[in-house]
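# Observations on the model geometry
Given next are the chains, with one letter for each unit.
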Amino acid sequence: MFNRLHKEQRDSRMARLLFREEGSLSILIIALFLIALISLAIITNVAVVANAKRSLDQVTEAAAMRAIHNLDERSYYSGKHTILTSIANLAASGNYSDNRIPIDCELGKQAVFEEFRVWESSLSKMKTLQIERANIDRYQCQYDWVNLQTSATVKLPFAIPFTGRENATVESSITTLNEKDKGIIVTGK
């Protein structure tokens, strides 16, 4: 009898503790604080990746622009396009091919690598500090255009929970074309 009464009192005390409303606001505040911290971490990671992408786009575009400024003088001044080929091209496709400015692809490639080397070693505001490694994935050059694809590994300020990922990868692709009448045309993604 005594044990049963003691058990009922203990159960009653436990029920009062569980269903008591005192302190419930504290739990709500702690939950909202945790949600705010997680949101802050996600927003910070997204902002760092976006900034790194912009930085990589800028250096990729600058490197591609340096590449197309290397004139292939031998092709440009050799008269590859005679009056007959110009008339034939104009009649056939409607494009005046003498507007094309030939690029020295080998010198352009050297300029791309030099631009990346300078960018990686600099502490300028153009380079995001969270970029750990940047790579030139592909350099394509054909007569009057250059396509440059790059990627970079970005260190995230907050590791992604449950995945252990501390890095993200961003990519950039720029194509430049140089024509006499139109100037420099840049497209990218």
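Our structure's up above, just so we're on the same page.
Residues numbered from 1 in each chain as written. Predicted model: local features only at pLDDT ≥ 70, side-chain atom pairs only at ≥ 80, totals over all residues. Heavy atoms only, no water.

Here the focus is the side chain of Glu115. With respect to the helices and strands, the residue Glu115 is situated in helix α5 (residues 105-121). Not counting residues within four places of it along the chain, the set of residues in contact with Glu115 comprises Val59, Ala62, Ala63 and Arg66. (Helix = DSSP H or I, 4+ residues; strand = E, 2+ residues; numbered from the N terminus. Contact = heavy atoms within 4.5 Å.)

Right, let's get into the state of the cysteines. Counting across every chain of the model gives one disulfide. Linked covalently through their sulfurs, Cys105 and Cys141 form a disulfide whose S-S length is 1.9 Å. Taking the sign of the torsion about the S-S bond as the criterion, the disulfide between Cys105 and Cys141, at about -70°, is left-handed. With Cys105 in helix α5 and Cys141 in strand β1 (residues 131-142), the pair connects residues that are 36 residues apart, well separated along the chain. (Disulfide = S-S within 2.5 Å.)

Val112, Phe116 and Leu148 are the most contacted members of the largest nonpolar core, which totals 22 residues. Elements represented by at least two residues in this core include exactly α2 (24-68), α5, β1, β2 (145-160) and β3 (165-179). Tallying contributions element by element places α2 first for this core, with eight residues. With residues up to four places along the chain from it excluded, the contact list for Val112 reads Ala63, Ala67, Ile136, Tyr139 and Leu148. (Core = buried A, V, L, I, M, F, W, Y, C linked by side-chain atoms within 4.5 Å. Buried < 20%, exposed > 50% of the residue type's maximum accessible area, 1.4 Å probe, protein only.)

A few words now on a nonpolar patch on the surface. Together, Leu25, Leu28, Ile29, Leu32 and Ile35 make up an exposed nonpolar region whose accessible area comes to about 520 Å². Among the structural elements, Leu25 can be located in helix α2. (Patch = residues over 30% accessible without salt bridge, like charges linked within 9 Å, V, L, I, M, F, W, Y side chains within 5 Å. Areas by Shrake-Rupley, 256 points an atom, 1.4 Å probe, with all protein chains shown as cover. Salt bridge = Lys/Arg side-chain N within 4 Å of Asp/Glu carboxyl O.)

Over its 17 residues, α5 runs 24 Å from end to end, which matches the ideal 24 Å to within 8%, given 1.5 Å per residue. Taken together, the buried positions of α5 are occupied by Gly108, Ala111, Val112, Glu115, Phe116 and Trp119. The arc that holds the buried residues of α5, viewed along the axis, is 130°, so those residues lie on one side. Those residues of α5 that are exposed and angled more than 90 degrees off the buried face are Glu106 and Ser121. (Expected span 1.5 Å × (residues − 1). Arc of directions from axis to C-beta.)

For the rest of this paragraph, the subject is the packing of aromatic side chains. The full count for this structure, using the stated rule, is one aromatic pair. For the pair Phe116 and Trp119, a centre-to-centre distance of 5.9 Å together with 70° between the ring planes defines the contact as edge-to-face. With Phe116 and Trp119 both in helix α5 and three residues apart, the pair spans about one turn of that helix. This pair shows no difference in class: Phe116 is buried, exactly as Trp119 is. (Phe/Tyr/Trp six-rings, centres within 6.5 Å; stacked < 30°, edge-to-face > 60°.)

A few words on the side chain of Asn45. Checked against the element boundaries, Asn45 lands in helix α2. Apart from residues lying up to four places away in sequence, Asn45 is in contact with Leu156, Pro157 and Phe158.

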